[in-house]
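# Tertiary structure, described
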Amino acid sequence: MTAPETLPATGREWHLTARPHGWPTPEDFALREAPVAEPGEGEILVRNLHFSVDPYMRGRMNDVKSYVPPFQLDRPMDGAAVGVVLASRHPDVSVGDHVQHGLGWREFATLDGGRATRVSAELAPLPAYLGVLGMPGLTAYAGLLRVGSLQQGDRVFVSGAAGAVGSEVGQIARLKGASQVIGSAGSDEKVRLLTEKYGFHTAFNYKSAPVGEQLKEAAPDGIDLYFDNVGGDHLEAAIARLNTHGRAVICGMIAQYNATEPPAAPRNLALVIGKRLRLQGMLVADHTDLQQQFVEEVSGWIRSGELVYDETVVEGIDQAVDAFLGMLAGRNTGKMIVSLPQ
Ligand SMILES: NC(=O)c1ccc[n+]([C@@H]2O[C@H](COP(=O)([O-])OP(=O)(O)OC[C@H]3O[C@@H](n4cnc5c(N)ncnc54)[C@H](OP(=O)(O)O)[C@@H]3O)[C@@H](O)[C@H]2O)c1
């Protein structure tokens, strides 16, 4: 084994301690000290430097069967992380390598070296592998281009537009020839950012007036493609504005992740028939074959300055639940990241 002299004996990790009903509260979680396992044959020990808090994790807090298994009570939670290798018993991973892996929400992770991907801190800042060049970025890229079949000249509407996925969707749409890109977000400050920084043509604050009215005003000629991060009244408004043969990528429905009642909208689904709309759900995990193409194209745009991104970084493992709850409440611009002392 290659390792520095002393390895940590214990580390802190977040456990889910109760299943939330509606909005999670800090009392549903506990930060606990646990022994750090020494790597066995083929394993590595990683000190996490950054980890991700994502909307899909809310679903994992419910005890229901889904496309990702639920978090277990009183067990460490997990999710995307990047860190530095402290010890390795895997032939392809060396001490000091930076890796991305799936054991976030903790300070130290011991895992099969084959389940970690080496990442380069020279090619991109490490948190970018959790956001603009990571899972949310691939979601935006594959969702818009493959699932949504973006065409030159399309008029595109994106909800959750100042978040990790949405801000990238809007910019890729512009770069790939959309004739109009409209975004919605939950504050005037975010709306300004959409038009002034991310190059959206039009943007509105969904909290200041009904989405249907604001979208009608923003898109007098209708829309061809809707990228849905929100569901509910946003999806209803989009169905109303979609042109004949329009498409909607159903990526997320964050407006209902904490709801305790079924959503009231959309009430106009029957319009799908007459307009021959295509509403298609997507999961990023189905599109990993696009990973290399996505990273090459998006990192090129980042280098040329054509695509920009934000991160909201919360410092310290003890702040991770606040970061997660803050992300659900819209306190992030771009990707919400938890960073640990370097
Ligand atoms: N299908 C897939 O494979 C896949 C993969 C990744 C993500 N997703 C989905 O994509 C969406 C965005 O994910 P992300 O990681 O990029 O998160 P994000 O947009 O960076 O963060 C979540 C944002 O949702 C907005 N929001 C919260 N409650 C809302 C509500 N009631 N109505 C409207 N907006 C609300 C907040 O922004 P405001 O301030 O604007 O309200 C918040 O900043 C989520 O729905 C997520 O589940 C799906």
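Our structure's up above, just so we're on the same page.
Residues numbered from 1 in each chain as written. Predicted model: local features only at pLDDT ≥ 70, side-chain atom pairs only at ≥ 80, totals over all residues. Heavy atoms only, no water.

Bringing the overall build of the chain into the picture now. When you go through the chain residue by residue, the secondary structure sums to 9 helices and 15 strands. The globule rule puts the C-alpha radius of gyration for 342 residues at 20 Å, and the 21 Å found for the chain is close to it. Along the first, second and third principal axes, the C-alpha atoms of the chain reach 65 × 45 × 35 Å. Counting across all 342 residues of the chain, residues that qualify as buried make up 52%. When contacts within the chain are restricted to residue pairs at least 6 apart in sequence, long-range pairs at least 24 apart make up 68% of them. Surface accessibility of the chain: about 15300 Å² in total, with carbon and sulfur atoms responsible for 50%. (Helix = DSSP H or I, 4+ residues; strand = E, 2+ residues; numbered from the N terminus. Rg over C-alpha atoms; globule rule 2.2 N^0.38 Å. Buried < 20%, exposed > 50% of the residue type's maximum accessible area, 1.4 Å probe, protein only. Contact = heavy atoms within 4.5 Å. Areas by Shrake-Rupley, 256 points an atom, 1.4 Å probe, with all protein chains shown as cover.)

Right, let's get into the environment of Pro263. On the secondary structure map, Pro263 appears in the loop between β12 (242-250) and α7 (271-274). The class of Pro263 is partly exposed, set by a relative accessible area of 41%. Sequence separation between Pro263 and Leu49 is 214 residues, and the spatial gap between their C-alpha atoms is 38 Å.

Time to look at the nonpolar core. In terms of nonpolar packing, the biggest core is built from 45 residues, with Ile172, Leu194 and Val298 touching the most fellow members. Breaking this core down by element, the ones donating at least two residues are β4 (81-88), α2 (135-147), β8 (155-158), α3 (164-175), β9 (180-185), α4 (188-196), β11 (223-228) and α8 (291-304). The element best represented in this core is α2, accounting for 6 residues. With residues near it in sequence (within four places) discarded, Leu194 still touches Ala161, Ala162, Gly183, Ser184, Ala185, Gly199, Phe200 and Ala203. Phe51, Val321, Leu325 and Val338 belong to the second largest nonpolar core, which has 23 residues in total. (Core = buried A, V, L, I, M, F, W, Y, C linked by side-chain atoms within 4.5 Å.)

Enumeration over the complete set of coordinates arrives at 1 cavity of 30 Å³ or more. Roughly 60 Å³ of internal volume is contained in the largest cavity. Lining the largest cavity, in full, are Gly131, Val132, Ala164, Ser167, Glu168, Tyr198, Tyr309, Asp310, Glu311, Gly334 and Lys335. In terms of residue count, α3 provides more of the lining of the largest cavity than any other element does, 3 residues in total. Of the residues in the lining of the largest cavity, the class split is 4 nonpolar, 3 polar and 4 charged. (1 Å grid on protein atoms, 1.4 Å probe; cavity = no way out; pocket = protein on both sides within 12 Å on 5 of 7 lines; lining within 4 Å. Points joined across faces, edges and corners; volume = space filled by probe spheres on them. Nonpolar A, V, L, I, M, F, W, Y, C, P; charged D, E, K, R; others polar.)

In terms of burial, helix α6 (residues 232-241) is a largely internal element, 8 of the 10 residues being buried. Within α6 the residues assigned to the buried category are Gly232, His234, Leu235, Glu236, Ala237, Ala238, Ile239 and Arg241.

With 4 bridges joining them, β8 and β9 adopt parallel strand pairing. Within β9, the position partnered with Phe157 by the bridge is Ile182. Handedness of the crossover is the feature at issue here: the chain leaves β8, passes through α3, returns alongside β9, and the resulting connection is right-handed. As judged from the 3 bridges shared by β8 and β11, these two strands associate in the parallel manner. When the sheet's bridge partners are listed, Phe157 is paired in β11 with Tyr226. (Pairing = 2+ DSSP bridges. Right-handed = clockwise from strand over helix to strand, strands pointing away.)

This paragraph deals with the site of the ligand. Contacts to the ligand come from 26 residues, most closely from Val165, Lys190, Tyr206, Tyr257 and Asn332. Note that an oxygen atom of the ligand is positioned 2.8 Å from one of the backbone N or O atoms of Ala164. Contact with the protein chains removes 91% of the 910 Å² of surface that the ligand exposes when unbound. Elements with a contribution of two residues or more to the shell around the ligand: α2, α3 and α9 (320-328). Of the residues assigned to the shell around the ligand, the class counts are 17 nonpolar, 8 polar and 1 charged. (Near = heavy atom within 4 Å. Polar contact = N/O pair within 3.5 Å; in protein donor to acceptor, adjacent residues only side chain to side chain.)

Turning our attention to the environment of Leu145. Mapped onto the fold, Leu145 is located in helix α2. Between the alpha carbons of Leu145 and Lys176 there is a distance of 8.9 Å; along the sequence they are 31 residues apart. Setting aside its immediate chain neighbours within four residues, Leu145 contacts Leu150, Ile172 and Lys176.

Here the focus is the sheet that holds β11. Pairing within the open sheet is parallel, and its 6 strands lie in the order β10-β9-β8-β11-β12-β13. Where the open sheet ends on each side, the last strands, each with one partner, are β10 (202-205) and β13 (278-281). On average, each strand axis in the sheet is tilted by 15° relative to the strand beside it, whichever way the strands run. (Axes fitted to C-alpha atoms, helices over the stretch in contact; angles between N-to-C directions.)

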